[in-house]
Amino acid sequence: MKAVRIHQFGGPEVLTYEDVPDPKPRKDQVLVRIRACALNHLDLFVRKGLPGVNLPHILGSDIAGEIVEVGEYINDLKAGQRVLLAPMVFCNHCAKCVAGLQNQCRQFAVLGNTVDGGNCELIAVPVVNVIPIPDWLDFNEAASVPLVFVTAWHMLVGRAAIRPGQTVLVLGANSGVGIAAIQIAKLFHARVIATAGDERKMERARELGADFVINHYQQKISQEVRKITNFEGVDIVVEHVGLATWEESVRSLKAGGTLVTCGATTGYGAGVDLRYLFSKQWSLLGSFLGSMGELHQVLKFVFRKQLKPVIDRVYPLAEIRAAHERLENKEQFGKVIVKP
Ligand SMILES: [Zn+2]
């Protein structure tokens, strides 16, 4: 099959379109022909070099396609079915997994991170990862959903326990997690303040349901939040930017508020003034992807058209370097897709 592999870590130039052997599915696996694979910021991190990645390596976490073949142990799926793949890798038999907490499994990983992913034509995965999709949902849309929607659902619902009527600040409305978080917060009838970097992205954030949008390059986030909330602050901050926005995010919290973070694309070394942490009784929470149960929960709303994936642009797999550059330059609003 055709695949894009990296043989060394580095810039987009290390992405190499080439022939590789077809995967051979085990008896408990499903072989899927990949029709679309969405990029995530994780792809950029893996390409630049993360521990645990064995070279050569195939990137790509968010996959949609058609079943080619099912292993003989599987009787509830068949060839030709249109599916998306859960991006999580886990043992499926430890105490955490059987309790439904797959993202706390000691073997937890993400497709395309420490195991080969979907920047190729075929992939063999365990049956638990394979989720049929409705006929009306096209492959590009389906591939745009799993990682960012389960991540945002776990952040807002699983970790921050969002309740109707709360005020939620969503950083980076143009990112996949931002787009998902705005919509999920609105699903819970929250008031949403989003941030974006230019007028076009601010308008798109409003279209998604954001009640207020702050230009995070021209305005001071915490000051604008204070104005909007009558000096109170927000109940929940959805953070994934990291160092560049951390201080402003923390300052935007009301007393008793919750900041939940799933990433740090601009740097890790953020600090916190402990005097404020205890006196304001803030909760600072970490979040990492989500459980299989949460993925099925959030997909229910996608399949009912109550949550909508947003696609930025689609590239042929062979032109993946341009797709990486688009994401790296923050030009996108929504998901960047590659098609084998
Ligand atoms: Zn496990």
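All values reported here derive from a predicted model rather than from experimental measurement.

(A) Molecular detail of the packing of aromatic side chains. Taken as a whole, this structure holds 4 aromatic pairs when the rule is applied. A ring pair is formed by Phe 108 and Phe 288, whose centres lie 5.7 Å apart and whose planes are at 80°; its orientation type is edge-to-face. In this pair, Phe 108 sits in the loop between helix 2 (95–98) and strand 8 (109–110) while Phe 288 sits in the loop between strand 16 (283–286) and helix 10 (292–303), placing the two residues 180 residues apart along the sequence. The exposure class of Phe 108 is buried, given its relative accessible area of 14%. For Phe 288, a relative accessible area of 45% translates into the label partly exposed. Arg 82 extends its terminal NZ or CZ atom over the ring of Phe 139, reaching a point 4.5 Å from the ring centre. Positioned above the aromatic ring of Phe 301, the side-chain terminus of Arg 304 is 5.5 Å from the ring centre.

(B) Summary view of the coordination of the zinc ion. Listed as protein donors to the zinc ion are Cys 91 (SG), Cys 94 (SG), Cys 97 (SG) and Cys 105 (SG); their distances from the metal cover 2.3 to 2.4 Å. Each of the 4 donor atoms bound to the zinc ion contributes to angles spanning 104 to 115°, and the resulting shape is tetrahedral. In the primary structure, the donors to the zinc ion are separated according to the pattern C-x2-C-x2-C-x7-C.

(C) View of the sheet that holds strand 4 (residues 57–58). The strand order across the open sheet formed by 3 strands is 2-1-4, and the pairing between neighbours is antiparallel. Bordering the open sheet on either side are strand 2 (15–19) and strand 4, each of which pairs with just one other strand. Relative to strand 4, strand 1 (residues 2–6) runs antiparallel, the two sharing 2 bridges. The residue bridging Arg 5 from the neighbouring strand is Ile 58, located in strand 4.

(D) Representation of the pattern of salt bridges in the model. Per the counting criterion, the structure on display carries 21 salt bridges. Close ionic contact of Glu 232 with Lys 254 constitutes a salt bridge, the shortest N to O distance being 3.5 Å. In this pair, Glu 232 is assigned in the loop between helix 7 (221–228) and strand 14 (234–239) and Lys 254 in strand 15 (residues 253–261), connecting sequence segments 22 residues apart. Under the relative-accessibility criterion, Glu 232 is labelled partly exposed at 48%. A single network of salt bridges, built from pairs that share partners, joins Lys 220, Glu 247, Glu 248 and Arg 251.

(E) Highlighting the pairing of strand 14. Of all 6 residues in strand 14, 6 are buried; the element is thus mostly enclosed. Pairing of strand 11 (residues 167–170) with strand 14 involves 3 bridges; the strand directions are parallel. By the bridge assignment for strand 14, Val 168 is matched with Ile 236. Remark: the strand 14/helix 8 (residues 243–251)/strand 15 crossover connection has right-handed handedness.

Calculation rules
Residues numbered from 1 in each chain as written. Predicted model: local features only at pLDDT ≥ 70, side-chain atom pairs only at ≥ 80, totals over all residues. Heavy atoms only, no water. Phe/Tyr/Trp six-rings, centres within 6.5 Å; stacked < 30°, edge-to-face > 60°. Helix = DSSP H or I, 4+ residues; strand = E, 2+ residues; numbered from the N terminus. Buried < 20%, exposed > 50% of the residue type's maximum accessible area, 1.4 Å probe, protein only. Lys NZ or Arg CZ within 6 Å of the ring centre and 35° of its normal. Donors = N, O, S within 2.8 Å, 3.2 Å for Na, K, Ca; no water. Tetrahedral: all angles 85-135°; square planar, octahedral: opposite > 155°, others 65-115°. Pairing = 2+ DSSP bridges. Salt bridge = Lys/Arg side-chain N within 4 Å of Asp/Glu carboxyl O. Right-handed = clockwise from strand over helix to strand, strands pointing away.

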